[in-house]
Amino acid sequence: MIYLDNAATTFPKPNEVYKEVLNCMENYAANPGRSSHKLAIKAQSKIMETREAIKELFNIPDPFQITFTSNATESLNIGIKGILKSGDHVISTAIEHNSVLRPLNSLQKKGVQVTLLNVDKSGHISIEDLKRQIRANTKLIIINHASNVIGTVQPISTIGKIAKDTGILFMVDASQSAGTINIDVEESNIDVLAFPGHKGLFGPQGTGGLFIRDGVQVEPFKEGGTGSNSSDMEQPDFMPDKFESGTLNTPGIAGLCEGIKFIKKVGMKEICKHELLLTEYLLIELKKLNYVKIYGPTNLKDRCAVVSINIDGVDSSIVGYKLNEKGIAVRTGYHCAPLIHNIIGTNNKGTVRISPGYFNTFKDIETIVKSIMDIYKQ
């Protein structure tokens, strides 16, 4: 199987990730932070090692500002629902994933005022439009760093400066960018960063994280046992315990640690370079086919390794089915981001999404292009 669905989850993972997950399960999968025996201490040590690796990756000031979650969706829900209250105003965009749109829709029914910025057909927001939408009660700006549908990369440093200058909190959804595009929370003035472990960070599924800058007030999403202040019925108010009730996914976090080590060993620039070279090759070859419609930016500078297309006269689901028959894995449909399809004209049909990863080859790209040609001829 040629796997070109890395925007959903990376596959395969580096061998080190598989080995460490198994090593943890076999040798130290105790409950971290709950006991003083050597297995629990080893588990807690691995959790801390991973916090430090994430801190270094995103230039986070303090590793204890990082909360482990099960995925980016949970991270986004903690941040959005923990910050916004009735009467607050939030600015986001029409290119967001449902992990942002659905919480905002829910909060809007409870008195939160929501503005969704339009994007152009290449997926970019207007910075001037963003500035015009700021109100006296604007509390939060939420931006999808890289689109999971058309690959558009937004200028988060520019947006972060606007947020800082106007005293507004800035949240970034790094689901498609963490691990492949450099993110510096200090340089980009990011107050809240949500990221998955299982995509660009090469970790196992069921892992994710949330950075919350010191001083940002966020209500906990859940309450329960943390291993700290256990005699107190009140939820701890310090990080990360405030948001880490219940047993952490230690084997998953151990694997995530190895994924981040792999990024450091290979180099994020090299990973990004390889993925974009594959993307560039894919775009060049697809542009030769006049029956293929390509969505999103044409400039690689503003694009990640996500390409959405349609074939004239062939439903996207049929294309996905035919590619699967040929041993090629892609995703089809709306990709959990419904509003962008109004803008790019793919309502009622969705797109075929091709997302190369670090372990793909130029031969993989040649194979899928040939397969697309064959499907159209059929």
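This is a predicted model, so every value here is computed, not measured.

So, the overall build of the chain
Scanning the chain for helices and strands turns up eleven helices and 13 strands. Considering only C-alpha atoms, the chain reaches an extent of 70 × 55 × 30 Å along its principal axes. For the chain, buried positions account for 57% of its 378 residues. With an accessible surface of roughly 16100 Å², the chain has 50% of that area assigned to carbon and sulfur atoms. Side-chain charges in the chain split into 42 positive and 40 negative, and the spacing between the mean points of these groups amounts to 5 Å.

A word on the nonpolar core
The biggest cluster of nonpolar side chains holds 49 residues, and the ones touching the most others in it are Ile54, Phe58, Ile141, Phe170, Leu193 and Ile340. In this structure, isoleucine 54 is in contact with Ile60, Ile66, Phe68, Phe195, Leu256 and Ile260, ignoring residues within four places of it in sequence. Residues Ile2, Leu283, Ile311 and Val319 belong to the second largest nonpolar core, which totals 23 residues.

Looking at the UniProt feature "domain: Aminotransferase class V" (unreviewed entry) in the chain
UniProt tags residues 2-367 as "domain: Aminotransferase class V" (unreviewed entry). The span residues 2-367 is 36% helical and 15% strand by assignment, and the distance between its end C-alpha atoms comes to 9 Å.

Points about the domain arrangement of the chain
Frequently, the measure chosen for interface size is the accessible area that the parts lose on association. For the chain, the assigned domains are domain 1 (15-266) and domain 2 (268-377). Measuring from the centre of the C-alpha atoms in domain 1 to the corresponding centre in domain 2 gives 28 Å. In this assembly, 30 residues from domain 1 lie in contact with 27 residues from domain 2. Inspection of the domain 1/domain 2 interface yields zero salt bridges. When contributions to the side of domain 1 that touches domain 2 are tallied by element, the ones reaching two or more residues are α4 (98-108) and α7 (250-266).

Focus: the sheet that holds strand β5 (residues 138-144)
Taken together, the seven strands give an open sheet; going across it, the order is β2-β8-β7-β6-β5-β3-β4, and neighbouring strands pair in mixed fashion. In this open sheet, the two strands that pair with only one neighbour each are β2 (66-69) and β4 (113-117). Taking each pair of neighbouring strands and ignoring which way they run, the sheet shows an average axis angle of 15 degrees. In the packing of helix α6 (residues 156-165) onto the sheet, contacts are made with β5 and β6 (169-173), and the angle to β6 comes to roughly 160 degrees.

Looking at unusual backbone geometry
Cis peptide bonds are those with omega within 30 degrees of zero, and the linkage from phenylalanine 11 to proline 12 qualifies with -5 degrees. With respect to the element layout, proline 12 can be found in the loop between β1 (2-3) and α1 (15-27). Phi at asparagine 189 is positive, roughly 55 degrees, even though this residue is not glycine. Within the secondary structure layout, asparagine 189 lies in the loop between β6 and β7 (192-196). You can call asparagine 189 buried: its relative accessible area is 18%. Positive phi, close to 60 degrees, is recorded for histidine 335, a residue that is not glycine.

Quick word on α1
Structurally, the α-helix is built with 3.6 residues per turn, so residues lying three or four positions apart point the same way. Along its 13 residues, α1 runs 18 Å from first to last C-alpha, staying within 8% of the 18 Å computed at 1.5 Å per residue. Buried within α1 we find Val17, Glu20 and Cys24. Burial along α1 is one-sided: seen end-on, the buried residues are contained in an arc of 70 degrees. Every exposed residue of α1 that faces more than 90 degrees away from the buried side is listed here: Asn15, Lys19, Met25 and Glu26. Here the buried face of α1 lies against α2 (38-58) and α7.

Thresholds applied
Residues numbered from 1 in each chain as written. Predicted model: local features only at pLDDT ≥ 70, side-chain atom pairs only at ≥ 80, totals over all residues. Heavy atoms only, no water. Helix = DSSP H or I, 4+ residues; strand = E, 2+ residues; numbered from the N terminus. Buried < 20%, exposed > 50% of the residue type's maximum accessible area, 1.4 Å probe, protein only. Areas by Shrake-Rupley, 256 points an atom, 1.4 Å probe, with all protein chains shown as cover. Lys, Arg positive; Asp, Glu negative; His and termini not counted. Charge placed at Lys NZ, Arg CZ, Asp CG, Glu CD. Core = buried A, V, L, I, M, F, W, Y, C linked by side-chain atoms within 4.5 Å. Contact = heavy atoms within 4.5 Å. UniProt positions renumbered as here; feature names shortened; annotations may be inferred. Domains from an automatic or database assignment. Salt bridge = Lys/Arg side-chain N within 4 Å of Asp/Glu carboxyl O. Pairing = 2+ DSSP bridges. Axes fitted to C-alpha atoms, helices over the stretch in contact; angles between N-to-C directions. Expected span 1.5 Å × (residues − 1). Arc of directions from axis to C-beta.

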